[in-house]
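# Observations on the three-dimensional arrangement
In case you want the letters, here they are:
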Amino acid sequence: MAGAASSGEGKEMEMVEPKAGFKSDVWKHFGFSLKRNEKGEKVTDKENTVCRHCQTVVKYKSGNTTNMRSHLLNHHPEKLREDTRSKIQSGQKTIKEAFTASLPHNSARAQEITKCIGEYIAKDLRPFSVVDNEGFKRLVNMLEPKYKIPSRPHFSQTVLPALYKETRAKVAQSLKQAECISITTDGWTSRATQSYVTITAHAMTSEWEIKTFVLQTRVLFESHTGHNIGEVLKSAVSEWELDTIYNNNHQGIAVVTDNARNMGVAVKEAGLSPHVKCFAHTLNLVSQAGLKVNRVSRLLGRVRRVAAFFHRSSTATAVLTSKQQMLNLPVHKLIMDVVTRWNSSLDMIERCLEQQQAIAAALLSSEVRRNALSMAPCDVDSNTVSQMKAAILNDLADRYQGEQAEFLYESSALDPRFLALPHLNNSERDEIFNRLKLKATQMQNQNPSEEEGAAPGSHEHVAGHSKTDLPQKAHAVGGVSPPSKKTALEDLLGDSFSQGDSRTQHTAQIDAEIDLYRKETSISLMACPLEWWKDNAQRYPLLSTLAKSYLSVPATSVPSERVFSVAGDIVNAQRSQLLPDNVDMLIFLKKNLSLSE
């Protein structure tokens, strides 16, 4: 459509209306000018527009309306104000409003930001009140001005529970896919004097990898008796369906705890087995028994008093620092040991020996001499060392006995680093491997659905390596193969003959596997036993399955204890109002939520 327009000098100009697809509001005030080509024909000038109000020609670049809007702002501002009023009356947003409008809370962008804030609270264990902090709100507003942070209750009651539900489903799926599962547990008390019990799970995958999860951190309102903790264990096993998850060892779910008597009672109450006492805790207890030898105890007491003196006195600390610098010694603080950490006593002695000259110089200085403690020389002779060793061995002898000791010996035998069991005599080694033969045979007999292979034991040497013809387990694709139709003879005599023959084959197979395994060369102490079994599982189809059930059990209950320090970041006196359920949820997400996804 063409119309007439006059130039600023009164000369009329012809104008072409913009296309309907041009949505900008400035086109209500501008049109394209017409010009004549070389042939004298009228054509649209796409490089110039004409103002309808003053017929001024304005340069135009395809898709860019900046020049036209600047012309209106400078020469016809009242027209822009009229446009704004009409938009308000019609409910249409202005450009400024469009850029500053809040994101709808249910938009994909807003939901993603909200979820990320929830993940930040969980992974960094921040209090829910962080969303009300001015600095945090300013940071979020700078990154996304249109996003409005939801309220604190929305995160604690909606966002974090949704994250917990999602992560819990992934953990449960991982546990169901695991071949072997063991757990650790320990109790602790927060700074707000609230008692909790933490349970971790350790799952062995088909790829010989151990995945660790924190299952729960539940408040314990009653006292830490064996019965009460046992109820917590039973509840966790039932809640996570651990009792229905297939374990190849068929011995139950192994539990690792400290040496406390209530833990022993709790494991029995829960009906879990085997019960393994934490090696780290045991090592500390037996080491403490050695450190209680009179001469060692007196020596530690003197060193401890010297370290405590320098810790208490700022003057003594300043003098010690100056002496260290004068003697060209490392400017290190003296270390105070902790009774529950035997290696801290070693650290304290080593630091004292390192700083012996500086300590003596500082204690003899006039600034601290009046308050300094004396430390008489005390040589540690062979008699003292002998007493320490005797005390440690006597204490250790009572820590692992009966079934627990047998389980640990069998675990060592199935670890390719220690398969030679050099600390035992021949009869003791034979006894351990005989027990493994029995357990492997029983395990195989409890799996009638698995394919039977040819009798093992035939070996051949190829390129210097031993190759065994042991059969591998066969599994149906997509599930268990349907049972084949029995013949009349199998139906009549199958239970009497086939089963007995199968057991004989199992016994012969495990005998051959163990005989071959005992001839293996022990791997380096720095090597990974799980990687070795992964590489050799096909050679030992029965023994490798048994090894999974043993090597999936952690040696310590440290995974549960590590939760304590993590929990201390959120469960303290300043946040005493944090609900126990939220403690469980936050610690669970802290340990199990994966941000890589």
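You'll find the structure just up there.
My aim in this report is to walk through the structure given alongside it, one point at a time. Every value quoted in this text rests on a predicted model; they were computed, and no experiment measured them.

### Describing the sheet that holds strand β9 (residues 254-257)
Taken together, the five strands give an open sheet; going across it, the order is β8-β7-β6-β9-β10, and neighbouring strands pair in mixed fashion. The open sheet has two edge strands, β8 (210-219) and β10 (275-277), and neither has a second partner. Direction aside, neighbouring strands of the sheet carry axes that sit 25° apart on average. By the bridge criterion, three bridges tie β9 to β10 in an arrangement that is parallel.

### Concerning the packing of aromatic side chains
Within the structure shown, the criterion is met by 19 aromatic pairs. Ring centres of Y517 and W532 lie 6.0 Å apart, and the angle between their planes is 65°; on these two criteria the pair is classed as edge-to-face. Taken together, the positions of Y517 in helix α17 (residues 488-518) and W532 in helix α18 (residues 529-536) put the pair 15 residues apart, joining distant regions of the chain. A relative accessible area of 0% means that Y517 is categorised as buried. A relative accessible area of 12% places W532 in the buried class. Members of the aromatic cluster, each reached through a chain of ring pairs, are W208, F433, Y517, W532, W533 and Y540.

### Regarding the nonpolar core
Counting 50 residues, the largest nonpolar core has L160 and L175 as the members making the most contacts within it. It is helix α6 (residues 152-177) that contributes the most residues to this core, seven residues altogether. Listed in part, the 35 residues of the second largest apolar core include V256, C278, A440 and W532.

### Side note on empty space enclosed by the protein
All chains considered together, the criterion is met by three cavities of 30 Å³ or more. In this structure, the second largest cavity spans a volume of roughly 50 Å³. Residue assignment for the lining of the second largest cavity shows that the elements contributing at least two residues are α10 (294-312) and α12 (342-354). Classifying every residue of the lining of the second largest cavity by side-chain character gives eight nonpolar, no polar and one charged.

Basis of the calculations
Residues numbered from 1 in each chain as written. Predicted model: local features only at pLDDT ≥ 70, side-chain atom pairs only at ≥ 80, totals over all residues. Heavy atoms only, no water. Pairing = 2+ DSSP bridges. Helix = DSSP H or I, 4+ residues; strand = E, 2+ residues; numbered from the N terminus. Axes fitted to C-alpha atoms, helices over the stretch in contact; angles between N-to-C directions. Phe/Tyr/Trp six-rings, centres within 6.5 Å; stacked < 30°, edge-to-face > 60°. Buried < 20%, exposed > 50% of the residue type's maximum accessible area, 1.4 Å probe, protein only. Core = buried A, V, L, I, M, F, W, Y, C linked by side-chain atoms within 4.5 Å. 1 Å grid on protein atoms, 1.4 Å probe; cavity = no way out; pocket = protein on both sides within 12 Å on 5 of 7 lines; lining within 4 Å. Points joined across faces, edges and corners; volume = space filled by probe spheres on them. Nonpolar A, V, L, I, M, F, W, Y, C, P; charged D, E, K, R; others polar.

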